[in-house]
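The chain contents come next:
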Amino acid sequence: QVQLVESGGGLVQAGGSLRLSCAASGLPFSSHAVGWFRQAPGKEREFVSTITWSRGITYYRDSVKGRFTISRDNAKKTAYLQMNSLKPEDTAVYYCAIKRRYTGSVGAMGEYDYWGRGTQVTVSS
């Protein structure tokens with residue numbers, strides 16, 4: 001059974017930093033990538049970033065490029081999202097997700113097979 005557990009969320013002032021972690025267990029051997037999505041109140045869940053397990057290829061939504069950095073530790077089956085220069089509009093619940101297969105795209109929720117329960121990130125102005 002696949003389990004994803006996010007941690008590291010919290011309350012931070014604008015301009016501050018947080019580092020999210022996603023610990024995965026029970027993963028299929030051939031999982032392709034791990035990603036982060038977020039959902040703000042009253043809004044749809046949106047793609048934030050993804051990294052492939054084997055080659056470490058990264059993808060970001062435009063609004064977080066240069067501020068967020070995704071990484072992974074294959075041995076620990078853990079992914080990280082370092083978030084710097086946080087803005088109030090980054091406030092959301094952040095979810096970790098696993099993508100089992102390569103499909104040529106990474107930004108759609110339907111591309112991901114397993115999800116964590118999320119961790120709250122709140123950025124005050």
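Keep in mind it's a predicted model, so treat the numbers as computed, not measured. (Residues numbered from 1 in each chain as written. Predicted model: local features only at pLDDT ≥ 70, side-chain atom pairs only at ≥ 80, totals over all residues. Heavy atoms only, no water.)

Q: What am I meant to see in the environment of aspartate 113 here?
A: Looking at the element boundaries, aspartate 113 is found in the loop between strand E9 (92-99) and strand E10 (114-115). Aspartate 113 sits in the partly exposed class, given a relative accessible area of 31%. Considered as a pair, aspartate 113 and arginine 38 are 75 residues apart in the sequence and their alpha carbons are 16 Å apart. Ignoring any residue separated from it by four or fewer positions in sequence, one finds aspartate 113 in contact with Ile98, Lys99, Arg100 and Arg101. (Helix = DSSP H or I, 4+ residues; strand = E, 2+ residues; numbered from the N terminus. Buried < 20%, exposed > 50% of the residue type's maximum accessible area, 1.4 Å probe, protein only. Contact = heavy atoms within 4.5 Å.)

Q: Explain the sheet that holds strand E1 (residues 3-7) here, please?
A: Sheet strands line up and pair through hydrogen bonds in the backbone, either parallel or antiparallel. Read across the sheet, four strands follow the order E1-E3-E8-E7 without closing on themselves; strand pairing throughout is antiparallel. Of all the strands in the sheet, the pair left with one neighbour each is E1 and strand E7 (68-73). Direction aside, neighbouring strands of the sheet carry axes that sit 15° apart on average. Summarising the sheet, E1 and strand E3 (residues 18-25) pair through five bridges and their orientation is antiparallel. Residue valine 5 lies in a different strand from E3, and its bridge partner there is alanine 23. (Pairing = 2+ DSSP bridges. Axes fitted to C-alpha atoms, helices over the stretch in contact; angles between N-to-C directions.)

Q: In this structure, what is going on with the nonpolar core? I would like to understand it.
A: The nonpolar side chains of soluble globular proteins are, as a tendency, buried together. Grouped together as the largest cluster of nonpolar side chains are 26 residues, with contacts concentrated most on Trp36, Phe68, Leu81, Met83 and Tyr94. Those elements giving two or more residues to this core turn out to be E3, strand E4 (33-39), strand E5 (46-52), E7, strand E8 (78-83), E9 and strand E11 (119-124). The contact partners of tyrosine 94, leaving out residues within four places of it in the chain, are Glu6, Leu20, Trp36, Phe37, Arg38, Val48, Phe68, Leu81, Met83, Gly118, Thr119 and Val121. Formed by five residues, the second largest nonpolar core is a distinct cluster that contains Phe37, Phe47, Ala97 and Tyr112. (Core = buried A, V, L, I, M, F, W, Y, C linked by side-chain atoms within 4.5 Å.)

Q: Looking at this structure, I do not really get the state of the cysteines. What am I missing?
A: Here a disulfide denotes a covalent bond joining the sulfur atom of one cysteine to the sulfur atom of another. All told, the structure shown has one disulfide when counted by the stated rule. Between cysteine 22 and cysteine 96 runs a disulfide, and the two sulfur atoms are separated by 1.9 Å. The S-S bond linking cysteine 22 to cysteine 96 shows a torsion near -70°; that makes this disulfide left-handed. Pair noted here: cysteine 22 is in strand E3 and cysteine 96 is in strand E9, with a separation of 74 residues, a long-range link. Cysteine 96 sits in the buried class, given a relative accessible area of 0%. (Disulfide = S-S within 2.5 Å.)

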